[in-house]
Amino acid sequence: MTATGFEFGEYRFLPSARELWRGARHLTLPRRTFECIEHLIVHRDRAVGRDELVAAVFGRSNVSDAQLGQIVLRARRVVGDDGNVQHTIRTIAGYGYRWVAETREIETDTAGAEPAAIPSAPVPPSAAPRRKARLSFAIVIAAIAVVVIALACVLLLARRGATPSGTHGVAGGETLAVLPIQVDGLRDDAWVRLGAMDLVAERLRQAGLAVPPSENVLGLLATSASGRAEAGLRSATGARYLVRGRAHHDADGWRVELAAEPEHGIAIPVSFAAREAVDAARGAGDLLLAALGRRTPANARESDAALDETLQRARAAMLANELDTARAILGASPQLAARPAQLAWRLAQVDLRAGRLDRAEAALDQVLAQAATQGDAGLRADVLVARGSTRIRRGAFDDGGRDFDAALALLGERHALARGQALLGRANSRVAAHRSDEALADFGAARVDLEGAGDSLGVTRVDANLGMLELYRGRPAAALDYLPGAADRFQSFGALHELLLTLTGIIEAQLAMLQRDEAAATVERASALRERISDPDQRVDLLLNRAQVQSGAGGYREARAALQQAAAIATSGNRVLRARLDALEADLAARERRWDDAERAAAGALADWPASGADGDRNAVVRLRQRALFALDRAGEAQALLDRAREAPVTAAAEPGAVDDALAMAEWCIHRRDDGCAGAWLQHAAASADRRGVPAEIVAVAAVQGPFLLDAGERDAAVAVIGRVAPWAARDFDSALLQLRLFRRLGPREAWFNALRQAQALAGEREIAPALLAPPDTPATR
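Quick caveat, the model's predicted, so the values are computed rather than measured.

Oppositely charged side chains may form a pair once their charged atoms are brought near each other. For the structure on display, the rule yields 57 salt bridges. The salt bridge partner of Arg46 is Glu52, with a shortest N-O separation of 2.8 Å. The class for Arg46 is partly exposed, based on a relative accessible area of 30%. Across the pair Arg244 and Glu230 runs a salt bridge whose closest N-O atoms are separated by 2.6 Å. Within this pair, whereas Arg244 is found in strand β12 (residues 239-250), its partner Glu230 is found in helix α7 (residues 229-237), the two being separated by 14 residues in sequence. Each of Asp405, Arg426, Arg430, Arg435, Glu438 and Asp442 takes part in salt bridges that share partners, so that together they form one network.

In structure tokens, the structure reads:
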């Protein structure tokens, strides 16, 4: 039996087999990337409109341009294309996309025979592009008689400690996901929906089962397409069972019914009644454990029902992002008032979630100092993890790392979920300390623990952090192998905080790769979420991303407006964020040649810079401040700044910051008119940039080295340096400006004119020096 496939270049695309081959290598594609390629290649005789492609790939219309852009970006990447070359998928401005690679149809034997070519009609030219306008859950519970019989069997088996016969036994590695509980009761009982859900999930987790955190489940349910929520939940978490529940409240108290439902097969129902909702939920969870062949957790205890209800009410409010309500519930509890360490710890969790880092850290310090915390290893470990996370967010990486070390020593081999979170935090602190190998080991161990605990969101955090590690090590191309996929998974979980941090990383990587259009699309993707952001620091970060992209694209007015808005709301005391804000203000001021403002902002950024972490970015700010001091004729201060920079450990040539280190020295030599010194440092900078292979760094070196060589009369060397960045001139202004400088100096006029048009198209609000606007007076033959 034969089917039609397609061959282009060294690729074979087989729609019926859902396969893409590059030579003898089979490439694995995400579903939507495959369907994007399929629709474009099948309709290669014409341009495909944006709305048509969205419908074909997503099956719905409410999809942003950024989301579609990400799919097209991946499709291009997998076939060796990009947004600049566009030799396979071409953007049709204002309309959509078109498949333009030379393609022929082939017949493939679905049993495995070699493909045979068949004639393919030539693709006609494109027609002119046209512009186009642009939880309730069903509960399945067995009849009451069946429930009574099941209960009797469960209780008998629980007393014997045996595993139920049939298919009910659950292996330790299998995952169960607990859904929100349906509540039949009074309006005041609404907290049971999420509170009992979280209690049951924790009870199952304590017995050694893999159960995703409630936040993960709620996020997936909220973001999945209507009618596919549960299928999406099973797919994302790998859950074998979904645990449904109903809680009924009447004059006699509460009855909680649970049913563990496999995707195919018979559900396992249990039911438990008690006076209080918390006791009923806990009892039902224990019965379900027995029905699944698991013992009740060894740390089961007689609990304080009133305290448990308070904690579950507060937990339910936090899951619903009602932080003020959670704070009020905790503060009104007489049981917690009698336990001040517990109360302060719980309130600090609320503050941490709200982004109140100063307040949270101060409270956690006090909790750790209390005698009650000293004698409770579990509580102390939890508080240390929370404080470590707070310190990492504030840029105190060394202090955070020590907290995670102490927490891991207390946790030992127990508590896989907490241990995985602590390992992930410690890995981040080690990244900032340049201990990359140890960080990678921690990331790997964290992934094992989090996977074992059923925390799919935690596993995604590990992947995102691996991408951030690559970015931190100056490998933006490798970072883009991790970060876009992690961002999509965070979005499916509804994990807003993690999604925004990952999008910021993607923007940094795209700018380093000179993918400015893609970075602008990522900014718009993040900005679409601004109404849902409650953390003020993330609102600031969102504005700083926009300012960074606009400043690099010559959109100075929009960049300035974004920075002013960010400065007005940056009131949290986060010094890392303040340093980034000042650094971007300094960069914009330098671009606009406001040297006083540039020097002042750069000095502020360096004063707030964390003691460890982001060293490469810090070197760029040092160099920027040096340039401002030169412009202000304050060479003595520039010398002192350079001397202080030299006191730091020497940056290896392949590390982030090495290029800026060398350029700062070269510019100091140029300022002193020491051409020999400048030439040597520029060669060192060029070698470092070539070794690291980051396009933005290569252009930064050429922007200094090219004009230096032209002024020195070293024509051939200048041509080699400026020609190195010519492939990026169509999308990067600095590269285009270098071509203009070269052809203005050397001719011919036609090349100068084309370079001028290219630079003007990319300039935005940037000025091109008047001397470059006049045609070259050098004969074309020279």
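This is not the end of the story, as more comes after the structure.
Glancing now at the packing of aromatic side chains. Counted by the stated rule, this structure contains five aromatic pairs. Taking 4.9 Å as the distance between ring centres and 85° as the angle between the ring planes, the aromatic pair formed by Phe8 and Trp99 counts as edge-to-face. Of the two residues, Phe8 sits in strand β1 (residues 2-8) while Trp99 sits in strand β7 (residues 96-99), which places them 91 residues apart along the sequence. Owing to a relative accessible area of 2%, Trp99 belongs among the buried residues under this scheme. For the pair Phe13 and Phe34, a centre-to-centre distance of 4.7 Å together with 35° between the ring planes defines the contact as tilted. A residue pair is termed long-range when its members are at least 10 positions apart, and Phe13 in strand β2 (residues 11-14) and Phe34 in helix α1 (residues 31-42) qualify at 21 residues. Among the residues examined, Phe13 registers a relative accessible area of 0% and is labelled buried.

Along a regular strand, successive side chains alternate from one face of the sheet to the other. Alignment of strand β6 (residues 89-92) against β7, held across four bridges, turns out to be antiparallel. Bridge pairing in β7 places Ile89 opposite Trp99. The turn linking β6 back onto β7 is made up of three residues, and Gly94 within it adopts a positive phi angle of 75°.

What follows covers the sheet that holds strand β5 (residues 48-49). Strand order in the open sheet formed by three strands is β5-β7-β6, with antiparallel pairing between adjacent strands. On the outer flanks of this sheet lie β5 and β6, each paired with one strand and no other. Of the pairings in the sheet, the one linking β5 to β7 comprises two bridges and is antiparallel in character. The residue bridging Val48 from the neighbouring strand is Tyr97, located in β7. Relative to β7, α1 is tilted by about 70°, and along the sheet it contacts β5, β6 and β7.

Let us look at unusual backbone geometry. The omega torsion across Gly747 and Pro748 is 0°, close enough to zero to call that bond cis. Position of Pro748 among the secondary structure elements: in the loop between α33 (733-746) and α34 (749-763). Phi is positive for Arg18, close to 55°, though the residue is something other than glycine. Structurally, Arg18 can be placed in the loop between β2 and β3 (19-22). Backbone geometry at Asp633 places phi at a positive 60°, although glycine is not the residue there.

Before going further, it helps to spend a moment on helix α21 (residues 496-512). Here α21 contains 17 residues, and its C-alpha end-to-end distance of 24 Å stays within 8% of the 24 Å for a straight helix at 1.5 Å per residue. Within α21, 14 of the 17 residues are buried, leaving the element largely enclosed by the surrounding structure. In the stretch just after α21, Leu514 is the one whose phi turns positive, near 60°.

Glancing now at the pairing of β2. When β2 meets β3, the two strands line up antiparallel, connected through four bridges. By the bridge assignment for β3, Phe13 is matched with Leu20. Here β2 hands over to β3 after four residues, with Arg18 in that stretch at a positive phi of 55°.

Let's shift gears to the confidence of the model for the chain. Per-residue pLDDT for the chain has a mean of 81; in total, 84% of the residues score no lower than 70. Taken together, the stretch residues 110-172 has pLDDT below 50 and engages in 96 contacts with residues farther than four places along the chain or on a different chain. Per-residue pLDDT stays below 50 along residues 648-654; that stretch engages in 12 contacts with residues further than four places along the chain or on separate chains.

With that settled, consider the nonpolar core. In globular proteins that are soluble, nonpolar side chains generally tend to be buried together. Formed by 67 residues in total, the largest nonpolar core has its most connected members in Val178, Leu204, Leu233, Val243, Leu258 and Leu288. No other element matches helix α8 (residues 277-291), which puts nine residues into this core. With residues up to four places along the chain from it excluded, the contact list for Val243 reads Leu176, Ala177, Val178, Leu179, Leu204, Leu258, Ala259, Ala260 and Leu288. Counting 38 residues, the second largest nonpolar core, distinct from the first, contains Ala407, Ala418, Ala446 and Leu469.

Let us now look at the packing of helix α23 (residues 536-552) against helix α24 (residues 556-569). Following both chains from N to C, one finds α23 and α24 inclined at 160°, their axes separated by 8 Å at the closest point. On the basis of the axis angle, α23 is roughly antiparallel to α24. For the pair α23 and α24, the crossing hand works out as left-handed. Along its contact with α23, which presents Arg539, Val540, Leu543, Leu544, Arg546, Ala547, Gln550 and Ser551, the element α24 presents Tyr556, Glu558, Ala559, Ala562, Leu563, Gln565, Ala566 and Ile569. Split into classes, the residues belonging to the contact of α23 with α24 amount to 10 nonpolar, three polar and three charged.

Reading guide: rules and limits
In this numbering scheme, every chain counts its residues from 1 along its sequence in written order. The model is predicted, so local features are restricted to residues of pLDDT at least 70 and side-chain atom pairs to those at 80 or more, both for listing and for counting; the totals for chains, interfaces and linings are taken over all residues. Note: side-chain values were computed over all heavy atoms of the structure, leaving out hydrogens and water. A pair is scored as a salt bridge if a Lys or Arg side-chain nitrogen falls within 4 Å of a carboxyl oxygen belonging to Asp or Glu. When accessible area is computed with a 1.4 Å probe and restricted to protein chains, residues below 20% of their type maximum are described as buried, those above 50% as exposed, and intermediate ones as partly exposed. A helix here means a DSSP run of H or I that spans at least four residues, while a strand means a run of E at least two residues long, and both kinds are numbered starting from the N terminus. Aromatic contacts are taken between Phe, Tyr and Trp rings whose centres are within 6.5 Å, Trp giving its six-membered ring; a plane angle under 30 degrees counts as stacked, one over 60 as edge-to-face, and the others as tilted. Being paired, for any two strands, means DSSP has found at least two bridges between them. The criterion used for residue contact is that any of the two residues' heavy atoms lie within 4.5 Å. Axis definition: a line fitted to C-alpha atoms, over the contacting stretch in the case of helices. Angles run 0 to 180 degrees between N-to-C directions. Between the first and last residue of a helix there are one fewer steps than residues, each counted as 1.5 Å, and that sum is the expected span. The predictor attaches a confidence to each residue, called pLDDT, with possible values from 0 through 100. Here, the term nonpolar core denotes a set of buried Ala, Val, Leu, Ile, Met, Phe, Trp, Tyr and Cys residues that are joined through side-chain atoms within 4.5 Å. Roughly parallel refers to an angle under 35 degrees, roughly antiparallel to one over 145, roughly perpendicular to one between 65 and 115, and oblique to any angle outside these ranges. Crossings are sorted by hand: turned counterclockwise from the far helix by less than a right angle, the near helix makes the crossing left-handed, and turned clockwise it makes it right-handed. Amino acids are sorted into nonpolar (Ala, Val, Leu, Ile, Met, Phe, Trp, Tyr, Cys and Pro), charged (Asp, Glu, Lys and Arg) and polar (every other residue, Gly among them).

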